[in-house]
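Structural overview
Residue-level listing of the chains:
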Amino acid sequence: MYRINTIPGEAAKVKGHASYPEDFPHLRPGESFTAWKAGEDWEIETTLDGAALRERLKEFERREA
């Protein structure tokens, strides 16, 4: 399972929005997508959305399969 933007999501609950870079602690400067294993799941932090995010997830799945 993918868990997408959990930390930015928590920030959005508190502040009403999430801001890059302060609410995306795992994204290095210039990155728009990063992923790491958390138990059986994947944590994903990203500033992508819509079609760009779907395409990046497809690419990620191909690489990790």
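The following paragraphs examine the structure supplied in this document. This structure is a prediction, so every number in the text was calculated from the model and none was measured.

Our next topic: the environment of proline 25. Topologically, proline 25 is positioned in the loop between α1 (6-15) and β2 (33-38). Along the primary structure proline 25 and glutamate 45 are separated by 20 residues, whereas in three dimensions their C-alpha atoms are 8.6 Å apart. Look past the residues within four positions of proline 25 in its chain and what remains in contact with it is Ile7 and Glu45.

A few words now on the pairing of strand β3 (residues 41-46). Here β3 lies mainly inside the structure; five of its six residues are buried. One ladder, built from three bridges, connects strand β1 (residues 2-4) with β3; its direction is parallel. What sits directly across from arginine 3, in β3, is glutamate 43. Bridge analysis of β2 against β3 gives six bridges, and the strand direction is antiparallel. Bridge pairing links threonine 34 to glutamate 45 in β3.

Cut-offs and rules
- Residues numbered from 1 in each chain as written.
- Predicted model: local features only at pLDDT ≥ 70, side-chain atom pairs only at ≥ 80, totals over all residues.
- Heavy atoms only, no water.
- Helix = DSSP H or I, 4+ residues; strand = E, 2+ residues; numbered from the N terminus.
- Contact = heavy atoms within 4.5 Å.
- Buried < 20%, exposed > 50% of the residue type's maximum accessible area, 1.4 Å probe, protein only.
- Pairing = 2+ DSSP bridges.

Bear in mind that shape data such as this cannot, by itself, settle questions of function.
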